[in-house]
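Fold and contact review
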Amino acid sequence: MLAVRITDTRDFMKKLLTQDLFDTFLLSEASVTTFTTFSIDGTWHPDYFEEPLSDAVPSSDSDAPKTLTWKLVRPLVFDMIKGRHTPVAFRIVLRLADYNVESLIASSGVNVEASQIAGLFLNLNFQKNVVTCTTGTSLRIFTLDKTLDSVWDEMATLDKTLDSVWDEMALRFFRSRQIPYENL
């Protein structure tokens, strides 16, 4: 697990809420606290739309609960947050889309099948004008092997674990999009 503090809150909020940098992620859940708390469970209800939205729920796993893309929900969250008052807090949990999980595994050499991964997550939290991000992994299998519990200090080892590969990818994502951070 990786934990970082975003050092330029204003720029990050602009990128998260008004640009397409995170649009390929799926929204697992979100809560935004302004004058009240708004909660979004991330569940996709296709019956709401008259025409299907093909880019709303990319998933290769037909048994997985259908979730929304950040692209679809971002304007709604932005509408909740914009205004003269800074939100009290928010928590947004984004999940890497299945096709990106498969690509990550193929390029990293991690010995895990994509079907065994329930999700690779970015947990974004805003409180008291500070944005933090933690990564998380969730597997569909049980293992006694604790190498997946690797921490930030172990990333330099030659033994690549799913956690360290995901942490490394998240940091590369931030750097490539000029999102400054510091380790917690």
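Quick note: structure is the one above.
Since the structure is predicted, the reported quantities are computational estimates derived from the model, not experimental observations.

To continue, consider the layout of surface pockets. Estimates place the volume of the largest pocket at around 350 Å³. Forming the walls of the largest pocket are 16 residues, and the residues nearest its centre are Thr 9, Arg 10, Met 13, Ile 81 and Thr 86. In terms of residue count, helix H1 (residues 9-18) provides more of the lining of the largest pocket than any other element does, 6 residues in total. Counted by class, the lining of the largest pocket contains 6 nonpolar, 6 polar and 4 charged residues.

Looking at soluble globular proteins, one finds that nonpolar side chains tend to be buried together. Formed by 44 residues in total, the largest nonpolar core has its most connected members in Leu 16, Phe 22, Trp 70, Val 77, Phe 90, Ile 92 and Leu 94. Once residues lying within four places of it in the same chain are set aside, the contact partners of Val 77 are Leu 17, Val 32, Ile 40, Trp 70 and Ile 92.

Taken as a whole and assessed by the stated rule, the structure comprises 7 salt bridges. Across the salt bridge formed by Glu 29 and Arg 91, the nearest N and O atoms sit 2.7 Å from each other. Of this pair, Glu 29 sits in strand E2 (residues 26-33) while Arg 91 sits in strand E5 (residues 89-95); the two residues are 62 residues apart in sequence, bridging distant segments of the chain. Among the residues examined, Arg 91 registers a relative accessible area of 34% and is labelled partly exposed. Between Asp 79 and Lys 82 there is a salt bridge; the shortest N-O distance is 3.2 Å. Take Asp 79: its relative accessible area is 46%, and that puts it in the partly exposed class. Owing to a relative accessible area of 49%, Lys 82 belongs among the partly exposed residues under this scheme.

The rules behind these values
Residues numbered from 1 in each chain as written. Predicted model: local features only at pLDDT ≥ 70, side-chain atom pairs only at ≥ 80, totals over all residues. Heavy atoms only, no water. 1 Å grid on protein atoms, 1.4 Å probe; cavity = no way out; pocket = protein on both sides within 12 Å on 5 of 7 lines; lining within 4 Å. Points joined across faces, edges and corners; volume = space filled by probe spheres on them. Helix = DSSP H or I, 4+ residues; strand = E, 2+ residues; numbered from the N terminus. Nonpolar A, V, L, I, M, F, W, Y, C, P; charged D, E, K, R; others polar. Core = buried A, V, L, I, M, F, W, Y, C linked by side-chain atoms within 4.5 Å. Buried < 20%, exposed > 50% of the residue type's maximum accessible area, 1.4 Å probe, protein only. Contact = heavy atoms within 4.5 Å. Salt bridge = Lys/Arg side-chain N within 4 Å of Asp/Glu carboxyl O.

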